[in-house]
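Residue-level listing of the chains:
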Amino acid sequence: MSEEKKEKIKVIDARGSFCPGPLMELIRAIKESEVGDIIEVWSTDQGSQRDIPMWAQKAGHEFLGVIHEQGYDRIRVRKKK
Amino acid sequence: MPRKIVVVGGGTGGTIVANNLAHRLYSEIVNGKVEITVVDPSAYHVYQPAWLLIPFRIMHQNEAIRPERSLLAETVKFRQEKAKRIDLNNRVVETDSAKLQYDFLVIATGAQPDYSQVPGLEKAGYDFYTFDNSLKLREALGRFSGGKLVTVVAGIPFKCPPAPIEFVFLADSYFSRLGVRDKIELSYVYPLPRPFTIQGVAEEVGKLMEQKKINMNLLFNVESIDPEKKEIRSLEGETLKYDLAVIVPPHTGADVVRNSGIADKGGWIPTDKYTLNVKGYDDAYAIGDATDLPVSKAGSAADFEAAVVATNIHDQLKGLAPSMRYNGRVMCFMTTAIGEATILIFDYDHPPVPPPPNFACYWYKLVYNRMYWTITAKGLLSGFGV
């Protein structure tokens with residue numbers, strides 16, 4: 001995590017947004033970010049755990065994992081290109 | 001002084017809520033105790049679901065438009081004015097020619113296509129999201145006799161989520177009937193990993209696409225379009241070539257809500273999912289496509305929501321507690337061929353379980369298109385099934 005702390009993490013709070021809101025928010029954020037940036041989407045929608053990794057893989061970005069919190073998930077993706 | 005109810009927007013939701021209130025409050029209105037005013041810049045009311053059907057000659061454009069005044073109850077005032085600003089704190093709607101004070105407000109300003117969100121979109125393709133574009137698409141389909149026809153969703157949310165699926169299914173039937181289907185490659189292009197937002201429906205749609213030999217290109221988020229080269233590029237790095245592109249444009253909320261500081265980033269009004277109050281205001285409501293609710297942007301949702309809001313405003317005027325809640329009910333026909341449709345009925349807690357496509361649903365969909373003017377828009381059905 002010490003490595004990660006130095007990196008720029010942009011948090012998108014999409015809690016309360018329903019499918020496909022969190023994925024659409026992530027896509028918008030990726031467009032506005034620099035290569036190497038990490039985007040962390042906060043989502044209460046269960047579908048995000050499935051859709052976001054699939055999209056990241058197809059779009060050529062790196063899916064970094066999901067951190068489960070009380071009532072929501074923090075889903076991280078690194079912009080690769 | 002009468003208590004004033006102002007409805008901004010004379011589309012499906014605005015017209016139904018005004019008529020429903022007019023029925024409930026008839027004696028109060030004629031006795032001067034209540035006044036209902038609808039504000040809309042257009043003198044005409046358009047039945048937007050027709051835009052999908054006009055290109056296939058299933059409906060005619062003259063069936064899709066009526067004067068708004070002819071639909072509103074006589075007791076409802078109609079101001080053909082453009083709302084410029086809504087001040088929720090001071091209870092004022094400012095139009096291009098007046099300032100309207102209200103006691104209760106209903107915002108029913110709908111959704112509008114935003115072609116500026118995708119470079120090249122405006123010149124690139126065809127769509128069925130305005131009256132003019134629906135007519136242009138009818139011409140284009142009439143001329144098209146072979147090549148790649150792509151149906152692309154360029155942004156979510158948009159009005160009538162099943163519409164692009166219906167378009168591609170209708171195109172399959174239409175060209176089959178003309179005897180040229182084997183010369184046309186049909187593709188359906190969608191931003192998500194499945195062809196529809198709701199998983200169960202997506203599975204059924206996927207099977208039908210396969211049966212009808214329609215290509216599905218999923219996880220394709222449109223980045224830009226080159227109308228000269230006839231190419232669509234995606235954020236995921238793909239390039240899609242086409243001969244005829246039918247593109248569902250990204251949508252946003254109305255200018256008046258975005259200019260009044262009421263809307264979220266997407267242009268939608270933060271709305272309580274049960275009471276339909278604009279969040280933070282018990283004297284202001286939002287219904288239909290204008291809201292940020294997690295339901296389809298569809299006329300049936302606006303109809304069900306209108307009943308909730310009309311009941312609660314009536315109760316508030318009578319000093320009763322507003323007790324009706326919206327349950328997220330939506331009811332949409334989904335055409336699967338010329339002569340076949342299914343129906344999606346769902347709410348916040350119950351996903352749709354569509355029956356197998358059949359002629360009865362298709363027939364009822366067409367009948368309903370005609371009933372809209374005499375029953376639904378008049379506010380006579382509003383409230384059934386909420």
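Numbers given to residues run from 1 along each chain, matching the order in which its sequence is written. Labels are handed out in written order, letters beginning with A for the chains and numbers beginning with 1 for the ligands. Since the coordinates come from a predicted model, pLDDT governs what is reported: local features require at least 70, and pairs of side-chain atoms require 80 or more to be given and counted, while whole-chain, interface and lining totals use all residues.

### Considerations on the overall build of chain B
Step number 1: Numbering of helices and strands runs from the N terminus; a helix is a DSSP stretch of H or I covering at least four residues, while a strand is a stretch of E covering at least two. Secondary structure assignment for chain B yields eleven helices and 21 strands.
Step number 2: By the compact-globule yardstick of 21 Å for 386 residues, chain B fits well, its C-alpha radius of gyration being 21 Å.
Step number 3: Here exposure depends only on C-beta density: within 10 Å of a residue's C-beta, 20 or more other C-beta atoms make it buried, 12 or fewer make it exposed, and intermediate numbers make it partly exposed, the C-beta atoms being placed from the backbone. Out of the 386 residues in chain B, the part that is buried amounts to 50%.
Step number 4: For chain B, contacts bridging at least 24 residues in sequence account for 66% of all contacts bridging at least 6. C-alpha atoms define the radius of gyration, and 2.2 Å times the number of residues to the power 0.38 defines the globule rule. Think of it this way: build a C-beta for each residue from its backbone, and any pair within 7 Å is a contact.

### A word on the overall build of chain A
Step number 1: Looking only at helices and strands, chain A features three helices and four strands.
Step number 2: Here the C-alpha radius of gyration of chain A, 12 Å, is about what a compact globule of 81 residues would show, namely 12 Å.
Step number 3: With the C-alpha coordinates of chain A rotated into their principal frame, the extents come out at 30 × 25 × 20 Å.
Step number 4: Excluding contacts between residues fewer than 6 apart, the proportion of contacts in chain A whose partners are at least 24 apart in sequence is 58%.

### Considerations on the interface of chain A and chain B
Step number 1: Each partner contributes to the interface: chain A provides twelve residues, whereas chain B provides ten residues.
Step number 2: Of all the elements in the fold, those that place two or more residues in the side of chain A that touches chain B are helix H2 (21–31) and helix H3 (48–59) of chain A.
Step number 3: Top contributing element to the side of chain A that touches chain B by residue count: H3 of chain A, with five residues.
Step number 4: Put simply, Ala, Val, Leu, Ile, Met, Phe, Trp, Tyr, Cys and Pro go in the nonpolar bin, Asp, Glu, Lys and Arg in the charged bin, and everything else, Gly too, in the polar bin. Looking at the side of chain A that touches chain B, its residues break down into eight nonpolar, one polar and three charged.

### Side note on the sheet that holds strand S6 (residues 83–87) of chain B
Residues and elements named next belong to chain B.
Step number 1: In short, DSSP must find at least two bridges between two strands for them to pair. Pairing in this open sheet of three strands is antiparallel, and the strands run S6-S7-S8 from one edge to the other. Two strands close off the open sheet at either side, each with one partner strand: S6 and strand S8 (99–101). Taking the axes of each pair of neighbouring strands and ignoring which way they run, one obtains an average angle of 20° across the sheet. For every element, the axis is a line fit to its C-alpha atoms; helices are fit only across the contacting stretch, and the angle between N-to-C directions ranges from 0 to 180 degrees.

### Some thoughts on the pairing of strand S21 (residues 340–346) of chain B
Residue and element names in this part refer to chain B.
Step number 1: Pairing between strand S20 (residues 330–337) and S21: seven bridges, direction antiparallel. Paired with Thr335 across the strands is Ala341, a residue of S21.
Step number 2: Connecting S20 to the next strand, S21, in antiparallel fashion are two residues, including Gly339 with a positive phi near 100°.

### Details of the environment of Pro161 of chain B
Residue and element names in this part refer to chain B.
Step number 1: Assignment of secondary structure puts Pro161 in the loop between strand S11 (147–153) and helix H7 (163–177).
Step number 2: Residues Pro161 and Glu81 lie 80 residues apart in sequence; the distance between their C-alpha atoms is 30 Å.
Step number 3: Pro161 has contacts with Phe196, Thr197 and Ser296, leaving out every residue within four places of it along the chain.

### Some thoughts on the sheet that holds strand S2 (residues 34–39) of chain B
All names here are of chain B.
Step number 1: The five strands lie next to each other as S5-S2-S1-S9-S19, forming an open sheet whose pairing is parallel. Here the strands that pair on one side only, and so sit at the sheet edges, are strand S5 (76–79) and strand S19 (284–286). Put simply, the sheet's adjacent strands are angled 20° from each other on average, direction ignored.
Step number 2: The pairing of strand S1 (residues 3–8) with S2 spans six bridges and is parallel. Within S2, the residue paired with Val7 across the bridge is Val38.
Step number 3: Sheet strands touched by helix H1 (residues 12–24): S1, S2, S5 and strand S9 (104–107). Its angle to S2, the strand with the most contacts, is close to 165°.
Step number 4: Sitting on the sheet, helix H10 (residues 299–317) touches S1, S2, S9 and S19, and the angle it makes with S9 is about 170°.

### Considerations on the domain arrangement of chain B
All names here are of chain B.
Step number 1: Segment limits for the domains were obtained from an automatic or database-derived domain assignment. For chain B, the assigned domains are domain 1 (3–110 + 254–328) and domain 2 (113–251).
Step number 2: Between the C-alpha centres of domain 1 and domain 2 there is a distance of 31 Å.
Step number 3: Facing the 13 residues of domain 1 at the interface are 18 residues of domain 2.
Step number 4: Broken down by class, the residue content of the side of domain 1 that touches domain 2 amounts to eight nonpolar, three polar and two charged.

### Section: the nonpolar core
Residues and elements named next belong to chain B.
Step number 1: Among the nonpolar cores identified, the biggest contains 138 residues, and Val7, Val8, Val17, Ile107, Val152, Ile287 and Val309 are the most heavily contacted of them.
Step number 2: Two domains share this core, each providing at least three of its residues, namely domain 1 (3–110 + 254–328) and domain 2 (113–251).
Step number 3: Dropping the residues within four chain positions of it, Val8 is found in contact with Val39, Ala83, Ile86, Val93, Ile107, Ala108, Thr109 and Val256. The term nonpolar core means buried Ala, Val, Leu, Ile, Met, Phe, Trp, Tyr and Cys residues held together as one set by C-beta atoms within 7 Å.

### Points about unusual backbone geometry
Residues and elements named next belong to chain B.
Step number 1: Note the cis peptide between Ile156 and Pro157, where omega equals 5°.
Step number 2: Of note in this structure, Arg91 is not a glycine but carries a positive phi near 55°.
Step number 3: Position of Arg91 relative to the elements: it lies in the loop between S6 and strand S7 (92–95).

### Focus on helix H11 (residues 359–376) of chain B
All names here are of chain B.
Step number 1: Taking the largest bend as the criterion, H11 deviates by roughly 45°, centred on Arg370.
Step number 2: Along H11, the residues that are buried comprise Cys361, Tyr362, Lys365, Tyr372 and Thr376.
Step number 3: In the core, the buried residues of H11 are packed alongside H1, H10, S20 and S21. Here the bend at a residue is taken as the angle between two axes, fitted respectively to the seven residues that end there and the seven that start there.

### Structural notes on the pairing of S5 of chain B
Residues and elements named next belong to chain B.
Step number 1: Side chains Val76 and Phe78 of S5 all project onto a buried face; the interleaved residues Lys77 and Arg79 project onto a face where none is buried.
Step number 2: Relative to S5, S2 runs parallel, the two sharing four bridges. Bridge pairing in S5 places Val39 opposite Arg79.

### A few points about the packing of H1 of chain B against H10 of chain B
Residue and element names in this part refer to chain B.
Step number 1: For the pair H1 and H10, interaxial distance at closest approach is 8 Å and the crossing angle is 35°. Of the two elements, H1 crosses H10, and the hand of that crossing is right-handed. Together, Thr12, Gly13, Ile16, Val17, Asn20, Leu21 and Arg24 of H1 and Gly299, Ala302, Asp303, Glu305, Ala306, Ala307, Val309, Ala310, Ile313 and His314 of H10 make up the contact between the two elements. Helix crossings are classified by the rotation of the near helix relative to the far one: an anticlockwise turn of less than a right angle makes the crossing left-handed, while a clockwise turn makes it right-handed.

### Some points on the environment of Pro357 of chain B
All names here are of chain B.
Step number 1: Among the secondary structure elements, Pro357 is positioned in the loop between S21 and H11.
Step number 2: Note on Pro357: 19 C-beta atoms within 10 Å, which makes it partly exposed.
Step number 3: Once residues within four sequence positions are removed from consideration, Pro357 is found in contact with Thr336, Glu340, Ala341 and Thr342.

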